[in-house]
Amino acid sequence: MKLMWFHLMPYTELPDDFREKHPSVWVDIHSTLFDPKRAHHMYNDFMDELEFAADCGFDAVCVNEHHSNGYGLMPSPNLIASALARRTTDTALCVMGNSLALYNPPTRVAEEFAMIDCISGGRLIAGFPVGTPMDTCYAYGTNPSMLREKYMEAHDLVMRAWTEKETFAFNGRFNQQRYVNIWPRPVQEPHPPVWIPGGGSVETWAWCAKMDYVYAYLSYYGYKAGLKTMQGFWGEMEKLGKDRNPYRAGFLQFVGVAPTRSEAMERYAEAAEYFYGRCLHVDLKYASPPGYNTEATQRVGLESQVRAAAEAAADPSKGKDALAAQGTTGSTTGTRFNMVAKTMEDIVDRGYVIVGSPKDVEEQLREVAVNMNVGHLMLLLQYGNMSKDLAKYNTKMFADHVAPKLRPLFAEWEDKWWPKPMEKAKRAELPAFAPSVQAAE
Amino acid sequence: MSEPTTTTIDINGHPCRVWTKGSGPKIGWLAGFGGLPRWTPFLDELAKTRTVIAPSLPGHPGATGHNLLDSHLDWIVAARQIIVKSGLEGEDIAGSSVGGSFVAEFAALWPHKVKRVALIAPWGLFDEKDPATDVWAQRPDDQPGVLCADPQIWKDFKAVPAGANSVEWPIEQIRASEAAARVFWPLGNTKIEKRLPLILAPTLLLWGEQDRVMPRSYADTMARLIEGKTTIKTIPGAGHLADLDQPAATARAILEFMS
């Protein structure tokens, strides 16, 4: 299986009383909380961590896009990916990804991804998220009623820009361009593998199946909450006549490794509580712009609420579980934020973060991968205000003691959705990085 | 409160409900944010002396087809078709908030196809120094109090009626909010100030005294720009959707103006 190292790049110095004094980590988080000189160090630490993960042998390093967000300092993940392209050699670069509807014209995405693919010699995974309500509709002012239509059209435009050999005119509903002819073109033929980060919507699953894209469920709520969604995904694949190749899927999981479980609980508590307490403190007014969720998705959510309420009425003990499950798998972003666990005990108990000794973590992740049938495990080994030292420790522990045990999983399947870089001998030689030489100059 | 008569017109291949009630000279009504999930006491007040014709806008309760409309021009053309097909050409027309904006646009672009106009806090302007409230960025508990002076009135207006489908009803209400967003996101600014000088009809500008969405200063801006004779009137005890908060006083103001 593939083990991928994911960074959100959270601002690590939100104040202790952030929840009490500030309404939201997203959209209108106050500018005075951001110290650019501290962010200088954070960015450099985060990039060190990503490079360290690549050195430790992770199959990919992953970055993503957020806007006006205190836990995601990458409005442009492409900037980070291009820097990583020069500082890594064989690791896949997973940009998860560019929210297509936010780019005008969307050919910008085709161009920048092609640049990263060229610089890296064909190591790019191209992620195309719709984007969260907070990022797209509020921070970027995109119309929620048109977001998905624009996204689908932008996708079609990017794919044509990558694959058509002649200059063409694009006559879309939202985009019109007389001359589409991107330079550069991607190294990977016909284009880099496309991965779709999504929630639990049937339409997204069906679309991934039709297009033969990877579906990545990027939840912050771990395997317990994610199992139902992934089972839904595989059920849909079966219905559509697709095989159970685990590499059709990706899943995000927070992890903390230490020599013992109790030590892991102690080491990672602060960072996990910082993330779930402060980083997911989102004002509910930014969670549900009308039209963001399709009516089909609203229907599924409402039907499950009606069912949960009926169960609660019939049997209060069972109903409570059903209502609690709604909190993490419910249809709206707001419901999820509202119900999130905030203490380390609860965070671990609910499976948001898997902590323990290498053996504990290996066993749990094996169960996660097998039960969910997920071949691409995207690991968050830095989260919240975790220091660079602890992030590197966690990364090394995982790489040395957990990864080797998990990697043989799913060996019987071919990963058809992994980058196909140029032959190593034909790739550019990267000069060794020599900070001491630079300092001397 | 007896039910209105329901007819259906076709707008871009989608059905659009038209409610009619009362007798006397016609008066058109384009409802405000959220549309008309149910008939209202305000419309009954109008129907005492007038034939009230209330068509639904695309995506609002009783009509679909908002997803076909990609630009403000698409919306204006749809609104014109609705007004013409429901027999309101050349008649008195009133509208509130979202609907009020389309009444104003119709009166500006086809100035000889409307008699008199009443606008309750219509959308379309945005002033950075006195910004309109973002109705789509409200915590669920706050929204009713933003739209109505008495939050309970909004809650009752939107509550699932006995016997209605408890899944489809809320979806219809979200769809109405989405339809408004489709044309007015993110600021409610359609640059209507460029077209207001084309309005020749006598125009009543009504504002709820406790309107928490559209600043009262917008009434003055509109009155200054509209070419026709304008009258500004505020309704005590009313919020943004004055017709819901104060049905009798709002209907009285409109009927007096249009008498």
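Residues numbered from 1 in each chain as written. Chains lettered and ligands numbered in written order. Predicted model: local features only at pLDDT ≥ 70, side-chain atom pairs only at ≥ 80, totals over all residues. Heavy atoms only, no water.

Would you mind showing me how to read the sheet that holds strand 8 (residues 230–235) of chain B here?
Through backbone hydrogen bonds, the strands of a sheet pair up, either in parallel or in antiparallel fashion. Residues and elements named next belong to chain B. On the basis of which strands lie adjacent, the open sheet formed by eight strands has the order 1-2-4-3-5-6-7-8 and mixed pairing. Where the open sheet ends on each side, the last strands, each with one partner, are strand 1 (5–11) and strand 8. Averaged over all pairs of adjacent strands, the angle between their axes in this sheet comes to 20 degrees, without regard to strand direction. Direction of pairing for strand 3 (residues 26–30) relative to strand 5 (residues 92–96): parallel, over a ladder of four bridges. Each residue of the ladder has a partner; that of I27, found in strand 5, is D92. Along the sheet, helix 3 (residues 97–109) contacts strand 3, strand 5 and strand 6 (117–120); its crossing angle with strand 5, the most-contacted strand, is approximately 140 degrees. Taken strand by strand, helix 7 (residues 217–225) contacts strand 7 (203–208) and strand 8, and its axis lies near 175 degrees from that of strand 7. (Pairing = 2+ DSSP bridges. Helix = DSSP H or I, 4+ residues; strand = E, 2+ residues; numbered from the N terminus. Axes fitted to C-alpha atoms, helices over the stretch in contact; angles between N-to-C directions. Contact = heavy atoms within 4.5 Å.)

It is not clear to me how the packing of aromatic side chains should be interpreted in this structure. Could you clarify?
Aromatic ring pairs are described here by two measures, namely the spacing of the ring centres and the angle between the planes. Scanning the model with the defined rule gives 38 aromatic pairs over all chains in all. Ring geometry for Y220 of chain A against F254 of chain A: centres 6.1 Å apart, planes inclined by 90 degrees, an arrangement best described as edge-to-face. Of the two residues, Y220 of chain A is situated in the loop between strand 8 (214–217) and helix 8 (222–239) and F254 of chain A in strand 9 (residues 249–257); the sequence distance between them amounts to 34 residues. For the pair Y220 of chain A and F254 of chain A, a shared accessibility class is recorded, and that class is buried. Pairing W75 of chain B with F102 of chain B gives two aromatic rings, centres 5.9 Å apart and planes at 20 degrees, and the pair type is stacked. On the criterion of sequence distance, the pair formed by W75 of chain B in helix 2 (residues 72–85) and F102 of chain B in helix 3 is long-range, its members being 27 residues apart. Through a chain of ring-to-ring contacts, three or more aromatic side chains come together here, namely Y138 and Y286 of chain A together with F33, W75, F102, W123, W136, W154, F157, F184 and W185 of chain B. The aromatic ring of W234 of chain A is capped on one face by R244 of chain A, whose charged end is 5.4 Å from the ring centroid. The lysine or arginine in question, R17 of chain B, covers the ring of W19 of chain B, its NZ or CZ lying 3.4 Å from the ring centre. (Phe/Tyr/Trp six-rings, centres within 6.5 Å; stacked < 30°, edge-to-face > 60°. Buried < 20%, exposed > 50% of the residue type's maximum accessible area, 1.4 Å probe, protein only. Lys NZ or Arg CZ within 6 Å of the ring centre and 35° of its normal.)

I tried to follow the environment of G70 of chain A on my own but got confused; where do I start?
All names here are of chain A. Structurally, the position occupied by G70 is in the loop between strand 2 (60–63) and helix 3 (77–87). In sequence terms G70 and S31 are 39 residues apart; their C-alpha atoms lie 10.0 Å from each other. When neighbours within four sequence positions are excluded, G70 is seen to be in contact with P10, Y11, L14, V25 and I29.

In this structure, what is going on with the side chain of S101 of chain B? I would like to understand it.
Along the chain, the position of S101 of chain B falls in helix 3. Setting aside residues no more than four positions away along its own chain, S101 of chain B makes contact with P122, W123, G124, F184 and I192 of chain B.

Any chance you could explain helix 7 of chain B here in plain terms?
For an α-helix, the turn length of 3.6 residues means that residues three or four places apart are oriented alike. Buried within helix 7 of chain B are the following residues: Y218, A219, M222 and A223 of chain B. Each buried residue of helix 7 of chain B sits inside an arc of 135 degrees when the element is viewed along its axis, so together they form one side. (Arc of directions from axis to C-beta.)

Would you mind showing me how to read the interface of chain B and chain A here?
In many analyses, interface size is given as the accessible surface area lost on bringing the parts together. Between chain B and chain A, the residue contacts involve 24 residues of the former and 25 residues of the latter. With both chains or domains summed, chain B and chain A bury close to 1900 Å², and 55% of this area falls on carbon and sulfur atoms. Across the side of chain B that touches chain A, the residue classes tally to 12 nonpolar, five polar and seven charged. (Buried area = accessible area lost by both parts, 1.4 Å probe. Nonpolar A, V, L, I, M, F, W, Y, C, P; charged D, E, K, R; others polar.)

Sorry if this is basic, but what is going on with the side chain of E65 of chain A here?
Residues and elements named next belong to chain A. Its place among the elements puts E65 in the loop between strand 2 and helix 3. Here E65 occupies a buried position and makes no salt bridge, while the nearest side chain of opposite charge, R108, is found at 11 Å. There is a polar contact of 3.2 Å between the side chain of E65 and the backbone nitrogen of S99. Among the polar contacts listed, one links the side chain of E65 to the side chain of Y103, at a separation of 2.7 Å. Discounting chain neighbours no more than four positions away, the residues touching E65 are M74, P75, P77, G97, N98, S99, L102, Y103 and D135. (Lys, Arg positive; Asp, Glu negative; His and termini not counted. Salt bridge = Lys/Arg side-chain N within 4 Å of Asp/Glu carboxyl O. Polar contact = N/O pair within 3.5 Å; in protein donor to acceptor, adjacent residues only side chain to side chain.)

What's the story with the confidence of the model for chain A in this structure? I'm lost.
Do not read the fine detail of predicted coordinates wherever pLDDT is low. Counting all residues, the mean pLDDT for chain A is 93, and 94% of those residues have values of 70 or more. Every residue in residues 326–331 of chain A is under pLDDT 50, and counting partners more than four places away or in other chains gives 21 contacts. (pLDDT = per-residue confidence, 0-100.)

What's the story with the pairing of strand 4 (residues 124–127) of chain A in this structure? I'm lost.
Residues in a regular strand point their side chains to alternate faces of the sheet. Residues and elements named next belong to chain A. Side chains of strand 4 alternate between two faces, with L124 and A126 and I125 and G127 buried alike. Bridge count between strand 4 and strand 7 (residues 194–198): two bridges; the pairing is parallel. Its bridge partner lying in strand 7, A126 is registered against V194.

I keep staring at the nonpolar core and nothing clicks. Help me out?
Nonpolar side chains in soluble globular proteins tend to end up buried together. The biggest cluster of nonpolar side chains holds 228 residues, and the ones touching the most others in it are F128, W162 and F398 of chain A together with I254 of chain B. Those residues within four positions of W162 of chain A in sequence are excluded, and the remaining contacts are A110, F113, A114, A126, F128, I182, R185, P186, P190, H191, P192 and V194 of chain A. (Core = buried A, V, L, I, M, F, W, Y, C linked by side-chain atoms within 4.5 Å.)

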